[in-house]
Amino acid sequence: MDINKGLPAIESHRDLHVWIIENLKMVPVPERAYGNFFEEHCYIVLHVPQSLKATQGASSDLHYWVGKEAGADAQAAAGTFVQHLQEALGVAPVQHREVQGHESDCFRSCFRTGIIYRKGGLASALKHVETNMYNIQRLLHIQGRKHVSATEVELSWNSFNRDDIFLLDLGKVMIQWNGPKTSVSEKARGLALTCSLQDKERGGRAQICVVDDEVKATDLMQIMEAVLGCRVGNLHTAVPNKSVNQLQKANVRLYHVYEKGKDLVIQELATSPLTQDLLQEEDCYILDHGGFKIYVWQGCMSSLQEKKAAFSRALGFIQAKGYPAYTNVEVVNDGAESAAFKQLFRTWSKEQRRNKNLRSVGKLTQLKLDVGKLHSQPELAAQLRMVDDGSGKVEMWCIQDSCRQPMDPKHHGQLCADNCYLVLYTYQKMGRVQYILYLWQGHQATAHEIKALTCNAEELDLRYHGALVQEHVTMGSEPPHFLAILKGQLVVFQGNTGHHGKGQPASTTRLFHVQGTDSYNTRTTEVPARASALNSSDIFLLVTADICYLWFGKGCSGDQREMARMVVPVISRKNEETVLEGQEPPHFWEALGGRAPYPSDKRLPEDISSFQPRLFECSSQMGHLVLTEVVFFSQEDLDKYDIMLLDTWQEIFLWLGEAASEWKKEAVPWGQEYLKTHPAGRSPSTPIVLVKQGHEPPTFTGWFLTWDPYKWTNNQSYEEVVEGSLGATSAISEITAEVKNFQLSRWPSNGRAGPLALQALKGSQNSSKNELELGPKAGSSSSSSASTRTSTSTRTSTSTSSSTRTSTSSSTSSYHSSPRSRINGSLPREQLMHQAAEDLPDGVDPAHKEVDARDSLPLTAPALMHLKLSWSCPGCDPLMMGKGQAAWGDVGSRWGDGQRDVGEP
């Protein structure tokens, strides 16, 4: 990189880098402080996907974040550094402008446990986050569903409401208060953020307590009232967040931006659905996505001056439109567009050649499908949309009079356009029985029949104890696996004269359109019996009272002819006559009502769009669907309390967590609303697949980089975690006793703690100043939190994860960090005892830490308050001596500085 531009080094092995703009310089933020943002500063965040799978069509993201109190100079410096950083990277990352409290989903996805907004600014040469800092007293307001944020608010009951979560952070004690209207998922995610704070800022040495019910948590409420004072009146209801719903996102407008003389012209070009050919490589465009997000697209042939002016033009557009100043801006470059930008267009085929090659390989694989390969390589199953080769067990029912009527296996695949059907497919995967239930509905089916189809599917699902993967299929949009289990012999009849075990269809003139080249893509559909329905690229079957004509268009292939001959016995057993286009007998045209023009040009290959899969969390607000995207997603983002929508473009998956069963009826309608309101004009016939936790097929798991089928085994619920953690009531009782002893309820009227309260809760008897550690040297690594962590449990998932650490902390006393110059017998010995070698102050020998330990403690009045005496007679049992010391150590370990063990008096 160009050192003259003041750009720091970038470590290639890391996918995330964060810098703070301090004194108009880019200063790296320690990794343990990622997610903390001071509101008086600007930050730059670079995310570069590391995995091969992530880089397939994915782009790097370069964000600059603006705090709500950041000055104009800092903002200008951040914008300049972003431009220089992009030039230095040599690639074309997607650029984002983020404003505090209104960040994009892409930005929030970089910080899995959540974002913390910190008041004020960061003093020069000080660390971003202080590990083992207990001289703290703050209140955090925790909000959000999938993406959680915490904002520091006034230390008062006035800051509370009934709908959100609040964290009273007292250094060694962290009390999470859950509003009575918060959901279990919100509580679990709030707890994950609390545990993250415990890890990063306390090295795992803080006691986490949870208040779910104030009546049952009297001890904790005593502590809270001691700090916040007595609560007067009822808590108010939170102001609802103005989330953007899918209906608002349906509106997109494309503008051409160019200079005319000295004037900048912004001209509206088109509205949704947009087509890719509107974007010319020598120009720049602004895409307005419903007013909540502005995209700037820069053609590869556009001038450098235009590219540098992208953000300023976007901000000018926002101002001209009267949009809020915090409106998100995303700048994308030709050839490196984000997945969200591409999906605003009906098709996106810039990488068509690569995808065609991919599909051709897939087709060859289909000819000799290896079931074991599909099971061992779920990414292949997802790409081909095949869980296996279709050789499993098939059961089929027709919905008649709101009931299931079983169909004879001889007539499987012979469906009617005005009916609905259930097709249950049973197969084995790695020795385990799996099920897929296809819900097929014809174009002419009534709303009553469709409702009956869903009800019967639910009955079957109950019979199989919820193990059925349910895929909603619309006539004409059947997925490859559905066609495969019918062996390429799917025939859809118009009317109710098809095969349902009631005999042969009526002997009238009928025309059938046969499409497909193998058993994985062949379907036959009855069409109006007239000449205009013919097409030179395909094959048609004309059935009359006396004969069956098999008509081959000039553009059909040998594979198409072979599949068509397999379909003929399913439709008719009359005499068969093969007819080539241009050589039809007069009777052929008479049966169709005479000659008529029909498409004779060779059909162009289907345009293959290169869209990346996208994952969203589903929720509802004011009756409308609200989606929160999780970018760079993984299995960790699937929470048991969630309904998640995975859009692979060809299919929509609705993943239902085991604890979200009450929303099950909403899942499929949400998928339908998503398709209906999509700005690209998506087909409402796109298959919708309902997948339940623990029963995911490889067509779903294959879209994830890795998948652990045992991830949710023995996973504790939020309630179980909290109940287990609060079982250790002794620690809470002792804290409450200290509250009473030191009369912590006597706070000043401003809600701040008095001197005795601060001494007791902060453990800072011997600290006269709230000092922070000196900042790390340039390029140094900050990992002291990992080395000092003594938590006794480990994280198992995002939701209940770290929640297991809410049990009593097993750490010993920890002191405030001190300047590194305080050595030669002036440091507390506990601080030296529990510090890793790399975190010791300068001048301290790790092998002789006792030399620098403080050898004496002035017995001042405050110190005597925390003095603990341990005396034993010379002849007592050593075992009893150990127990006595352990008991005193447990009590004393919570109060930090000002402690001293005294031997014999």
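Note that this is a predicted model, so its numbers are computed, not measured.

Undergrad: What should I look at first to understand the overall build of the chain in this one?
TA: Summing up its helical and strand segments, the chain has 25 helices and 36 strands in all. The buried share of the chain, reckoned over its 905 residues, is 53%. Pairs at least 24 residues apart make up 68% of the contacts formed inside the chain by residues separated by at least 6 positions. With an accessible surface of roughly 40500 Å², the chain has 51% of that area assigned to carbon and sulfur atoms.

Undergrad: Just to check I follow, could you spell out helix α8 (residues 310-321) for this structure?
TA: Side chains three or four residues apart in an α-helix point the same way, a direct result of the helix having 3.6 residues per turn. Taking 1.5 Å of rise per residue, the 12 residues of α8 would be expected to cover 16 Å, and the 17 Å separating its terminal C-alpha atoms lies within 8% of that figure. G322 occupies a position one or two residues after α8 and carries a positive phi of about 75°.

Undergrad: Sorry if this is basic, but what is going on with helix α15 (residues 558-571) here?
TA: Taking 1.5 Å of rise per residue, the 14 residues of α15 would be expected to cover 20 Å, and the 21 Å separating its terminal C-alpha atoms lies within 8% of that figure. Of the residues making up α15, those classed as buried are Q560, M563, A564, V567, V568, V570 and I571.

Undergrad: When you look at the pattern of salt bridges in this model, what are you seeing that I'm missing?
TA: Side chains bearing opposite charge may pair, as long as their charged atoms lie close to each other. Counted according to the given criterion, the structure contains 27 salt bridges. The salt bridge involving E330 is made with K293; its shortest N-O contact spans 2.9 Å. Within this pair, whereas E330 is found in strand β17 (residues 328-333), its partner K293 is found in strand β16 (residues 293-298), the two being separated by 37 residues in sequence. In this structure, E330 and K293 share a single accessibility class: buried. Each of the salt bridges in this network shares a partner with another, and the network as a whole consists of R145, K146, R189, E617 and D642.

Undergrad: Whenever I open this one, the sheet that holds strand β15 (residues 284-289) confuses me. Can you help?
TA: Adjacent strands of a sheet form backbone hydrogen bonds with each other and so pair up, either parallel or antiparallel. Taken together, the 10 strands give an open sheet; going across it, the order is β2-β1-β4-β5-β6-β17-β16-β15-β13-β14, and neighbouring strands pair in mixed fashion. Lying at the two open borders of the sheet, with one neighbouring strand each, are β2 (25-28) and β14 (263-271). Between one strand axis and the next, the sheet turns by 20° as a mean value, whatever way the strands run.

Undergrad: What is the right way to look at the side chain of K429 in this model?
TA: Relative to the elements of secondary structure, K429 occurs in strand β21 (residues 420-429). Despite its burial, K429 remains without a salt bridge, the nearest opposite charge being carried by E696 at 7.6 Å. When residues no more than four places from it in sequence are discounted, the contact partners of K429 are H375, Q434, E696 and P698.

Undergrad: Please clarify how the packing of aromatic side chains should be interpreted in this entry.
TA: Centre distance and the angle of the planes are the two values used to describe a pair of aromatic rings. In this structure the tally under the stated criterion is 37 aromatic pairs. Plain terms: the ring middles of F345 and W348 are 5.3 Å apart, the flat faces sit at 65° to each other, and that makes the pair edge-to-face. According to the relative accessible area criterion, F345 is buried, its value standing at 0%. Three or more aromatic residues link up through ring pairs in this structure, and these residues are F633, F653, W655, F700, F704, W707 and W712. Sitting above the plane of the W157 ring, R231 keeps its charged end 4.8 Å from the centroid. Directly above the ring of W649 sits R682, whose terminal nitrogen or CZ lies 3.8 Å from the centroid.

Undergrad: Could you clarify how one ought to interpret the side chain of Q343 in this entry?
TA: Mapped onto the elements of the fold, Q343 is located in the loop between α9 (339-342) and α10 (352-367). In this structure the side chain of Q343 is engaged in a polar contact, spanning 3.3 Å, whose partner is the side chain of R614. Excluding its chain neighbours within four sequence positions, the residues that come into contact with Q343 are F611, Q612, R614, D647, W649, Y674, H678, A680 and R682.

Undergrad: When you look at the sheet that holds strand β28 (residues 547-552) in this model, what are you seeing that I'm missing?
TA: In space, the seven strands of this open sheet follow the order β20-β24-β26-β25-β27-β28-β29, with mixed pairing throughout. Whereas interior strands pair on both sides, the edge strands pair on one side only; in this sheet they are β20 (414-416) and β29 (575-580). On average, each strand axis in the sheet is inclined to that of its neighbour by 25°, with strand direction left out of account. In terms of strand pairing, strand β24 (residues 490-493) meets strand β26 (residues 523-527) through three bridges, oriented parallel. Counterpart to L490 in the pairing with β26 is R523.

Undergrad: I tried to follow the nonpolar core on my own but got confused; where do I start?
TA: A general feature of soluble globular proteins is that nonpolar side chains tend to end up buried together. By size, the foremost hydrophobic cluster in this structure holds 52 residues, and its most contacted members are W440, F482, L541 and L638. Sorting elements by how many residues they give to this core places α15 first, with five residues. Sequence-distant contacts of L638, that is, excluding residues within four places in its chain, are made with L615, M644, W655, F700, F704, W707 and W712. Formed by 29 residues, the second largest nonpolar core is a distinct cluster that contains L7, I44, A310 and A314.

Undergrad: Would you explain the pairing of strand β12 (residues 207-211) in this entry?
TA: For a regular strand, side-chain orientation follows a simple rule: the groups alternate between the two sheet faces. Among the five residues of β12, five are classified as buried, and the element is accordingly described as predominantly covered. Burial along β12 is two-sided: Q207, C209 and V211 facing one way and I208 and V210 facing the other are all buried. Relative to β12, strand β11 (residues 173-178) runs parallel, the two sharing five bridges. Residue pairing for β12: V173 is matched across the bridge by Q207. The β-α-β motif built from β11, the intervening helix α4 (residues 184-202) and the parallel element β12 has right-handed crossover chirality.

Undergrad: Please clarify how the pairing of strand β6 (residues 94-99) should be interpreted in this entry.
TA: Of all the six residues making up β6, six are buried; the element is thus mostly covered by neighbouring parts of the structure. In β6, alternate side chains face the same way, and those of V94, H96 and E98 on one face and Q95, R97 and V99 on the other are all buried. Two strands pair when backbone bridges link them, and strand β5 (residues 61-66) and β6 are joined in this way by six bridges, in the parallel orientation. Bridging from a neighbouring strand, H63 pairs with H96 of β6. As judged from the three bridges shared by β6 and β17, these two strands associate in the antiparallel manner.

Undergrad: Explanation requested: unusual backbone geometry in the structure shown.
TA: If a residue is not glycine, its phi is most likely negative; likewise, a peptide bond is most likely trans. Cis geometry marks the peptide bond from S272 to P273; its omega dihedral reads -5°. Take P273: it is sitting in the loop between β14 and β15. Residue D401 is not a glycine yet carries a positive backbone phi of 55°. Relative to the helices and strands, D401 is located in the loop between β18 (393-400) and β19 (403-406). One non-glycine residue, K487, lies in the positive phi region at around 60°. The residue K487 is located in the loop between α14 (480-485) and β24 in this model. Looking at K487, the relative accessible area reads 43%, which means it is partly exposed.

Undergrad: Could you clarify how one ought to interpret the environment of C110 in this entry?
TA: Looking at where C110 falls in the secondary structure, it is placed in the loop between α3 (105-108) and β7 (115-118). Taking relative accessible area as the criterion, C110 reaches 13% and is therefore assigned buried. In the structure, C110 is positioned 76 residues away from Y34 in sequence and 9.3 Å away in space, judged by C-alpha atoms. Residue contacts for C110: discarding those within four places in its chain leaves L16, H47, H63 and F632.

Conventions adopted
Residues numbered from 1 in each chain as written. Predicted model: local features only at pLDDT ≥ 70, side-chain atom pairs only at ≥ 80, totals over all residues. Heavy atoms only, no water. Helix = DSSP H or I, 4+ residues; strand = E, 2+ residues; numbered from the N terminus. Buried < 20%, exposed > 50% of the residue type's maximum accessible area, 1.4 Å probe, protein only. Contact = heavy atoms within 4.5 Å. Areas by Shrake-Rupley, 256 points an atom, 1.4 Å probe, with all protein chains shown as cover. Expected span 1.5 Å × (residues − 1). Salt bridge = Lys/Arg side-chain N within 4 Å of Asp/Glu carboxyl O. Pairing = 2+ DSSP bridges. Axes fitted to C-alpha atoms, helices over the stretch in contact; angles between N-to-C directions. Lys, Arg positive; Asp, Glu negative; His and termini not counted. Phe/Tyr/Trp six-rings, centres within 6.5 Å; stacked < 30°, edge-to-face > 60°. Lys NZ or Arg CZ within 6 Å of the ring centre and 35° of its normal. Polar contact = N/O pair within 3.5 Å; in protein donor to acceptor, adjacent residues only side chain to side chain. Core = buried A, V, L, I, M, F, W, Y, C linked by side-chain atoms within 4.5 Å. Right-handed = clockwise from strand over helix to strand, strands pointing away.

Everything listed here is a matter of geometry and, on its own, says nothing about what the molecule does.
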